[in-house]
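Below, each chain spelled out in residue letters.
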Amino acid sequence: MRPETLYCPACRAPLAESAAQYACAPCDRAYPIIDGIPRFFSGPLKATEDMAFQAEQMFNDTLRAKAYNLGKRIVSSDYQPRNHLAEFIAAIPPGATVAELGSGNRRLTPDIVNIDLFPFPNVDIVSDVAATPLGAGSIDYLVIDAVLEHVPEPHKVVAEIFRLLKPGGEAYCLAPFVYPYHGYPHNYFNFSPDALEFLFRDFSSCAVRIARGPTSALTNLLSEYVAVALSGGSATRYTFWKGAALAPIFFLKYLDKFWSGTGPGMRIANALCARVIK
Ligand SMILES: [Zn+2]
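This structure is a prediction, so every number in the text was calculated from the model and none was measured.

Trainee: How should I be thinking about the environment of Ala20 in this particular structure?
Mentor: As for its placement among the helices and strands, Ala20 is situated in the loop between β1 (16-17) and β2 (21-24). Owing to 10 C-beta atoms within 10 Å, Ala20 belongs among the exposed residues under this scheme. Along the chain, Ala20 and His155 lie 135 residues apart, while their C-alpha atoms are 33 Å from each other. With sequence-adjacent residues up to four places away left out, Ala20 is seen in contact with Pro32 and Ile33.

Trainee: Just to check I follow, could you spell out the nonpolar core for this structure?
Mentor: Among soluble globular proteins, nonpolar side chains are generally buried collectively. Among the nonpolar cores identified, the biggest contains 57 residues, and Ala99, Leu142, Ile144, Cys173 and Leu272 are the most heavily contacted of them. Ranked by residue count, the leading element in this core is strand β9 (residues 165-176), at 6 residues. In this view, Leu272 contacts Ala175, Phe177, Phe191, Pro193, Leu196, Val208, Arg209, Ile210, Ala211 and Met266; residues no more than four positions away in its chain are not counted. Membership of the second largest hydrophobic core comes to 6 residues, among which are Tyr238, Ala245, Leu246 and Phe250.

Trainee: Any chance you could explain the packing of helix α6 (residues 214-231) against helix α7 (residues 235-246) here in plain terms?
Mentor: Two packed helices can be described by the angle between their axes and the distance between those axes. Running from N to C, α6 and α7 cross one another at 140°; their axes reach a closest spacing of 8 Å. Between α6 and α7, the angle is such that the two are oblique. Along this stretch, α6 crosses α7, giving a crossing that reads as right-handed. Packed against α6, whose contacting residues are Thr219, Leu222, Ser223, Glu224, Val226, Ala227, Leu230 and Ser231, the element α7 presents Arg237, Tyr238, Trp241, Lys242, Ala245 and Leu246 at the interface. When grouped by side-chain class, the residues that make up the contact of α6 with α7 number 8 nonpolar, 3 polar and 3 charged.

Trainee: I'm lost on helix α4 (residues 154-164) in this one. Help?
Mentor: In an α-helix, one full turn covers 3.6 residues, which means residues spaced three or four apart are oriented alike. Taken as a whole, α4 has its buried residues at Pro154, Val157, Val158, Glu160, Ile161 and Leu164. The arc enclosing the buried residues of α4, seen along the axis, measures out at 155°, which places them on a common side.

Trainee: Help me out: how do you make sense of the sheet that holds strand β4 (residues 37-38) in this one?
Mentor: Strand pairing in a sheet is mediated by backbone hydrogen bonds. Such pairs are either parallel or antiparallel. In space, the 4 strands of this open sheet follow the order β1-β2-β3-β4, with antiparallel pairing throughout. A single partner strand is all that each edge strand has here, and the edge strands are β1 and β4. As paired elements, β1 and β2 share 2 bridges and run antiparallel to each other. Bridge assignment links Ala16 to a residue of β2, and that residue is Ala23.

Cut-offs and rules
- Residues numbered from 1 in each chain as written.
- Predicted model: local features only at pLDDT ≥ 70, side-chain atom pairs only at ≥ 80, totals over all residues.
- Helix = DSSP H or I, 4+ residues; strand = E, 2+ residues; numbered from the N terminus.
- Buried ≥ 20, exposed ≤ 12 C-beta atoms within 10 Å, placed from the backbone.
- Contact = placed C-beta atoms within 7 Å.
- Core = buried A, V, L, I, M, F, W, Y, C linked by C-beta atoms within 7 Å.
- Axes fitted to C-alpha atoms, helices over the stretch in contact; angles between N-to-C directions.
- Parallel < 35°, antiparallel > 145°, perpendicular 65-115°, else oblique.
- Left-handed = near helix turned anticlockwise from the far one by under 90°.
- Nonpolar A, V, L, I, M, F, W, Y, C, P; charged D, E, K, R; others polar.
- Arc of directions from axis to C-beta.
- Pairing = 2+ DSSP bridges.

In short, the description is geometric, and any link to function would need to be established separately.
Shown next as structure tokens:
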């Protein structure tokens, strides 16, 4: 869904909407609407091999992407003993305003405002997540899932989340910790519990938990080692070897049932999640 009023990400003035664009009178900028989606980001962006493969997975329109996406549903190191995101979404009261930054191709709730740097299916607004065209204090609940590691200045994205949320508004943030490099388009940082608590220090509360645990990290790194060693830089060979190496070990991830919450597993967890309240 797209909010009724959008604001200029550069000067914050309300924008005038026409069929072809959003125009900002004070700073004389225009943001085109292409295929029904307003574009507040137009690059430049250095294209990478990882990014091309990510786009392929998101559009799911090639045999390789279909094989990868199907395989990932079955043979995967991803396992969350507790579905923190589903719990976050289930607790949202009817009528609340919800946004996802870096939504990719999914739509978590029917009325959610989906923002992404790329015009994937289901994206409502193409924008840099550090400077969105949404109004200050306009969002009740916000999701940012595996996105912070891809931005060069994550503190600016956290400041944007703070700006967007109403007082008392809540956000769910998942970020990788012990996790392989994945450049969609780039992978600048991974986040320790300390890093998440520091980034969200201005919020009234920040609770960091294990999202995916240590065994998920181990099986992912081991299979990644094999896939990277044998891929020779080819995404097809990488997909094959990642699956082949994971197949005999991926079920070990269920051991992460014993590593949930906030215990010592935080030190080597695959991914952490923070529930924050403004
Ligand atoms: Zn402007």
